[in-house]
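Structural characterization, general
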Amino acid sequence: SQTIHQWPATLVQPVGSPLSLECTVEGTSNPNLYWYRQAAGRGLQLLFYSVGIGQISSEVPQNLSASRPQDRQFILSSKKLLLSDSGFYLCAWSGAAGNEQFFGPGTRLTVL
Amino acid sequence: GENVEQHPSTLSVQEGDSAVIKCTYSDSASNYFPWYKQELGKRPQLIIDIRSNVGEKKDQRIAVTLNKTAKHFSLHITETQPEDSAVYFCAAILGSGYALNFGKGTSLLVTP
């Protein structure tokens, strides 16, 4: 069966520091991968999605970037964090031919 | 882009009553509409979904209806239980066919 991992689970970072969040999927090949952010008490905002290695689509221009160096690995990065980057970051995957998206356990980021 | 409106933002019902959450979407090309349940601090979990070639789908106490002409879809939970308490999100797939656009969520509270 397929599983999705994210790390770290929680992170506290100072303003201006870099960020790297990692997501990996097991048990499937060529998944579509997604990064979402959820601010406290708010909905899910799509940040990036990828349909293949090296292919990244950005939905919202901002302080973040994404990369997909391997088929089942998706990385979210920032060179300099802002206070507004705090939130719950969720990675998700879907099958290449399907629509159902399944979420990872998330990373709770606090920027101080 | 796709715009998904969700109502109500909060809903309180007594155990055993029914709960209905409604969503509207703007992109007539959308053809996939999932519903997610998110408990506090946890990842969103897919609970039911519907495609545009179907008007209604049921899974035990949960049902979803879709009106393509009016561009709205609804989640119905019957015989609610305290463990149904959570935030529920509707979503519609974007025209690209890959990414989901989420509603802002409905916080459901089921009181014993």
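This write-up is about the structure you can find in this document. (Residues numbered from 1 in each chain as written. Chains lettered and ligands numbered in written order. Predicted model: local features only at pLDDT ≥ 70, side-chain atom pairs only at ≥ 80, totals over all residues. Heavy atoms only, no water.)

Looking at the overall build of chain B
If you tally the helices and strands in chain B, you get zero helices and eleven strands. For chain B, the succession of helices and strands along the chain, N to C, is β-β-β-β-β-β-β-β-β-β-β. The C-alpha radius of gyration computed for chain B amounts to 13 Å, which stays within 12% of the reference 13 Å derived for 112 residues, consistent with globular compactness. Along the first, second and third principal axes, the C-alpha atoms of chain B reach 40 × 30 × 20 Å. Per-residue burial for chain B yields a buried fraction of 42% across its 112 residues. For chain B, the proportion of contacts with a sequence separation of at least 24, taken over those separated by at least 6, is 52%. (Helix = DSSP H or I, 4+ residues; strand = E, 2+ residues; numbered from the N terminus. Rg over C-alpha atoms; globule rule 2.2 N^0.38 Å. Buried < 20%, exposed > 50% of the residue type's maximum accessible area, 1.4 Å probe, protein only. Contact = heavy atoms within 4.5 Å.)

Looking at the overall build of chain A
The secondary structure content of chain A amounts to zero helices and eleven strands. Reading the secondary structure of chain A in the N-to-C direction produces β-β-β-β-β-β-β-β-β-β-β. At 13 Å, chain A has a C-alpha radius of gyration in line with the 13 Å of a compact globule built from 112 residues. Principal axes of the C-alpha set define a box for chain A whose edges measure 40 × 25 × 20 Å. Taking all 112 residues of chain A together, 47% fall into the buried category. For chain A, the exposed area adds up to about 5,100 Å²; of that, 54% sits on carbon and sulfur atoms. Charged side chains in chain A number 7 positive and 6 negative. The centres of these two groups are separated by 10 Å. (Areas by Shrake-Rupley, 256 points an atom, 1.4 Å probe, with all protein chains shown as cover. Lys, Arg positive; Asp, Glu negative; His and termini not counted. Charge placed at Lys NZ, Arg CZ, Asp CG, Glu CD.)

Structural notes on the pattern of salt bridges
Residues and elements named next belong to chain A. Considering all chains together, one arrives at six salt bridges over all chains under this definition. Among the salt bridges present, the one from Asp-71 reaches Arg-68, with a minimum N-O distance of 3.3 Å. Look at Asp-71 and you get partly exposed, because its relative accessible area is 22%. Relative accessible area serves as the criterion here: at 3%, Arg-68 is assigned to the buried category. (Salt bridge = Lys/Arg side-chain N within 4 Å of Asp/Glu carboxyl O.)

Description of the state of the cysteines
Residues and elements named next belong to chain B. Enumeration according to the criterion identifies two disulfides over all chains in this entry. With its sulfur 1.9 Å from that of its partner, Cys-23 forms a disulfide with Cys-90. Between Cys-23 and Cys-90, the S-S dihedral sits near -100°, and the bridge is therefore left-handed. Here Cys-90 lies in strand E9 (residues 86–93) and Cys-23 lies in strand E3 (residues 19–25), a separation of 67 residues in the sequence. Here Cys-23 matches Cys-90 in class, with each residue buried. (Disulfide = S-S within 2.5 Å.)

What about the pairing of E9(B)?
All names here are of chain B. Burial analysis of E9 places seven of its eight residues in the buried class, the great majority of the element. Where strand E4 (residues 32–38) meets E9, four bridges bridge the pair, whose relative direction is antiparallel. Across the sheet, Lys-37 pairs through a bridge with Tyr-88, a residue of E9. Bridge count for E9 against strand E11 (residues 106–111) is three bridges, and the pairing is antiparallel. Paired with Tyr-88 across the bridge in E11 is Thr-106. Of the strand pairs in this sheet, E9 and strand E10 (residues 100–102) are connected by three bridges, and their pairing is antiparallel. By the bridge assignment for E10, Ala-92 is matched with Asn-101. (Pairing = 2+ DSSP bridges.)

So, the interface of chain B and chain A
Counting from both sides, the interface comprises 21 residues of chain B and, opposite them, 22 residues of chain A. Roughly 1,700 Å² is buried in total at the junction of chain B and chain A, and carbon and sulfur atoms are behind 56% of that figure. Counting across the chain B and chain A interface gives one salt bridge. Linking chain B with chain A are four residue pairs in polar contact (both at pLDDT 80 or more). For the side of chain B that touches chain A, the elements supplying multiple residues, two or more each, are E4, strand E5 (45–51), E9 and E10 of chain B. Grouping the amino acids of the side of chain B that touches chain A by side-chain chemistry returns eleven nonpolar, five polar and five charged. (Buried area = accessible area lost by both parts, 1.4 Å probe. Polar contact = N/O pair within 3.5 Å; in protein donor to acceptor, adjacent residues only side chain to side chain. Nonpolar A, V, L, I, M, F, W, Y, C, P; charged D, E, K, R; others polar.)

Focus: the side chain of Arg68(A)
Relative to the helices and strands, Arg68(A) is located in strand E7 (residues 65–70). Within the structure, Arg68(A) has its side chain in polar contact with the backbone oxygen of Ser50(A) (distance 3.0 Å).

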